[in-house]
Amino acid sequence: REPLQPPPGPSTLPEASPAAEIRHPIEDIGQDAAAEGIAGAEIPPLDASDASVEGAAADLLGGEVVLGLVNSGDYIRKIVATVDNLARDRTSARLWPAQPTPGRFTVRQQGDRTYLSAENFQRYSPFVSLATSVDTDKLVALYVRYYPLFQQAYEDLGYPRQYFNDRVIDVIDNLLAAPETGETIELVLPPQDPSVEVARPWVLYEYADPALRSLSAGQKILVRMGNENAGRVKTKLRELRKRLAAEPPPRPAP
């Protein structure tokens, strides 16, 4: 099997050194997760884990939800690659474990300027409602149960001496640092050859504000979903961080 690879480009987070000490050991939360009656169950090998992971997700979310939401196959590797890429400059939709947000990206014009349409915020609402309604204790228990597979997939991705749960915490912190924006977010199209017809111009839009353009891929997603949805996601992320981390989150810069 060809391993999934992160997209090229520098990470927005510092890479750990090869001999980096584990900062957030999974063993510290294993006992609490075992209390959910899940963590002690036997797990299959990584390459044969899809059926087990899909069944566990169905138990957590409901079978019909899973069938309509997930991209089938290679679940653990897709989750690991997506988590790792969220704090990078960009991520690839082909690696997402879930289906893309339904509906079409829309903009609104005001004079000669282009802005993100508020209709886009509504596209994310069903996913946000699902994500924020998941039982945090059961989700953490499943994460602990399958953690050896997550760690193996992370090492296969090109990090043989690094610890996946440490990366999870760093990515959560990166997402929590996403800025709040107003409801008016200006977009621009990058310069392009006017003689070349673009079939889907909306895929080329970027933020007019250089500060927003410099955000990580995950932070840009939070901006695209609007402040209300992003706030709900951040609340859930703080719950997860509290359970998964061995230390409190960093204080925001003054």
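Before reading on, note that the structure itself is shown above.
The notes below deal with the structure included here. Computed from a predicted model, the values in this text were never measured in an experiment.

### Thoughts on the environment of Tyr 147
Part 1: Structurally, the position occupied by Tyr 147 is in helix H7 (residues 147–156).
Part 2: Residue Tyr 147 is classed as buried on the basis of its relative accessible area of 5%.

### Some points on the pairing of strand S2 (residues 113–116)
Part 1: In the sheet, strand S1 (residues 107–110) pairs with S2 via 4 bridges, with the strands oriented antiparallel. Bridge pairing in S2 places Arg 108 opposite Tyr 115.
Part 2: Counting the residues that bridge the hairpin from S1 to S2 gives 2 residues, and of these Gly 111 lies at a positive phi of roughly 65°.
Part 3: Bridge count for S2 against strand S3 (residues 186–188) is 2 bridges, and the pairing is antiparallel. Across the sheet, Tyr 115 pairs through a bridge with Glu 186, a residue of S3.

### Considerations on the nonpolar core
Part 1: Formed by 44 residues in total, the largest nonpolar core has its most connected members in Ile 76, Val 80, Tyr 143, Tyr 146, Phe 150, Phe 164 and Met 225.
Part 2: If you list the elements that add at least two residues to this core, you get helix H2 (50–61), helix H4 (75–86), helix H5 (119–133), helix H6 (136–145), H7, helix H8 (164–176), helix H10 (217–224) and helix H11 (226–244).
Part 3: It is H8 that provides the largest number of residues to this core, a total of 7 residues.
Part 4: Formed by 9 residues, the second largest nonpolar core is a distinct cluster that contains Ile 185, Leu 187, Tyr 207 and Val 223.

### Notes on the side chain of Lys 236
Part 1: By secondary structure assignment, the location of Lys 236 is in helix H11.
Part 2: From its side chain, Lys 236 meets the backbone oxygen of Val 134 in a polar contact 2.4 Å long.

### Focus: the pattern of salt bridges
Part 1: Using the criterion set out here, one finds 10 salt bridges in the structure.
Part 2: Asp 47 is paired through a salt bridge with Arg 77; the nearest N and O atoms lie 2.9 Å apart. Taken together, the residues span a long stretch of sequence, with Asp 47 in the loop between helix H1 (27–34) and H2 and Arg 77 in helix H4 at a distance of 30 residues.
Part 3: A salt bridge links Glu 186 to Arg 113, with the nearest nitrogen and oxygen atoms 2.8 Å apart. Separated by 73 residues along the polypeptide, Glu 186 in strand S3 and Arg 113 in strand S2 bring together distant segments of the chain.
Part 4: The network of salt bridges with shared partners includes Asp 47, Asp 74, Arg 77 and Asp 156.

### A few points about the sheet that holds S2
Part 1: Reading across from one edge, S1-S2-S3-S4 is the order of the 4 strands in this open sheet, with antiparallel pairing throughout. Lying at the two open borders of the sheet, with one neighbouring strand each, are S1 and strand S4 (206–207).
Part 2: Pairing between S3 and S4: 2 bridges, direction antiparallel. Within S4, the position partnered with Leu 187 by the bridge is Tyr 207.

Reading guide: rules and limits
- Residues numbered from 1 in each chain as written.
- Predicted model: local features only at pLDDT ≥ 70, side-chain atom pairs only at ≥ 80, totals over all residues.
- Heavy atoms only, no water.
- Helix = DSSP H or I, 4+ residues; strand = E, 2+ residues; numbered from the N terminus.
- Buried < 20%, exposed > 50% of the residue type's maximum accessible area, 1.4 Å probe, protein only.
- Pairing = 2+ DSSP bridges.
- Core = buried A, V, L, I, M, F, W, Y, C linked by side-chain atoms within 4.5 Å.
- Polar contact = N/O pair within 3.5 Å; in protein donor to acceptor, adjacent residues only side chain to side chain.
- Salt bridge = Lys/Arg side-chain N within 4 Å of Asp/Glu carboxyl O.

Nothing here speaks to function; it is geometry throughout.
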